[in-house]
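# Descriptive analysis of the structure
For reference, the chains in residue letters:
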Amino acid sequence: MTTLSGWIVLTLALIAFIPAQAKDEVVRLSYPSKVESSKGKEREKLFSPWMTGESMRSFIDDKRTKGEQIVFVEYNNTNGQSRGIFVKLKLSGPFSRYSFTNEAAMEEKLNNEIKAGLQPAFISRNTSGAYSMLFVSPGDMTAVRAELTKLGVGEPRLKK
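In this convention, every chain numbers its residues from 1, walking through the sequence in written order. Owing to the predicted nature of the model, reporting of local features is limited to residues with pLDDT of at least 70; listing and counting of side-chain atom pairs is limited to 80 or more, with chain, interface and lining totals taken over all residues. Excluded from the side-chain calculation are hydrogens and water; included are all heavy atoms of the structure.

### Section: the nonpolar core
Of all hydrophobic cores here, the largest spans 23 residues; its most connected members are Ile70, Val71, Leu134, Val144 and Leu148. Taken together, the elements giving at least two residues each to this core come down to α3 (53-65), β2 (68-76), β3 (81-88), β5 (119-125), β6 (131-136) and α5 (141-150). By definition, any uninterrupted DSSP run of H or I lasting at least four residues is a helix, any uninterrupted run of E lasting at least two residues is a strand, and each is numbered from the N terminus. Take this core: its biggest share by element is 4 residues, from β2. Contacts are assigned to residue pairs with any non-hydrogen atoms lying within 4.5 Å of each other. For Ile70, the residues in contact, after removing those within four places along its chain, are Met56, Ile60, Gly84, Ile85, Phe86, Phe95, Arg97 and Leu134. Take the buried residues of types Ala, Val, Leu, Ile, Met, Phe, Trp, Tyr and Cys, join any two whose side-chain atoms come within 4.5 Å, and each joined set is a nonpolar core. Partly exposed describes any residue whose relative accessible area lies between the buried limit of under 20% and the exposed limit of over 50%, with all areas from a 1.4 Å probe on protein chains only and scaled to the type maximum. Counting 9 residues, the second-largest nonpolar core is a separate cluster that includes Phe100, Leu110, Ile114 and Met133.

### Some details on the pairing of β2
The buried fraction of β2 is high, at 8 of 9 residues. By definition, two strands form a pair when at least two bridges between them are found by DSSP. When β2 meets β3, the two strands line up antiparallel, connected through 8 bridges. Each bridged residue has a counterpart across the sheet, and for Ile70 the counterpart in β3 is Phe86. A loop of 4 residues connects β2 with β3, the two strands running antiparallel in sequence, and Gly80 in this loop sits at a positive phi of about 70 degrees.

### Considering α3
Spanning 13 residues, α3 covers 19 Å between terminal C-alpha atoms, matching the ideal 18 Å at 1.5 Å per step. Among the residues of α3, Met56, Ile60 and Lys63 are the ones counted as buried. Projected down its long axis, α3 carries its buried residues within an arc of 70 degrees, all on one side. Summarising the geometry of α3, the exposed residues directed more than 90 degrees from the buried face are Glu54, Asp61 and Thr65. Structurally, α3 contributes buried residues whose contacts are with β2, β3 and β4 (95-100). Expected helix span is taken as 1.5 Å per residue step, with the number of steps being one fewer than the number of residues. Each C-beta atom gives one direction from the helix axis, and the arc is the one those directions make.

Structure follows, in structure tokens:
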């Protein structure tokens, strides 16, 4: 009976310990940015052409040398191409952009980028079902959000 009681106590202690570990890991769920349809025609005029991932990376680098920054991106999971909107803006810190066809992968990247110190400027889900995101350093967020507001792109909402 003593051995059985010992196992029960040990099992209960282990079960109590497992939820405590899970609380240490921050899991953030997101709600995509609201993208105003009333400014859709205005945004459409500003988009780059659709291009492959490699072409887009080169295009972003070229635009940055000219003092322009990508502030909004869409990804089409049907043809694997993306397009972006660029504005005259020089970022002082790092930035990253991502596109995903899977919500779980998007949420995982969101958590990783936040842990790395970047903040989501926008998260969108387009008609093809793909998620697109832009992350910027906290020091650049005000300038990027101002540009996105002009384009009718709201802030993403994060649920902790």
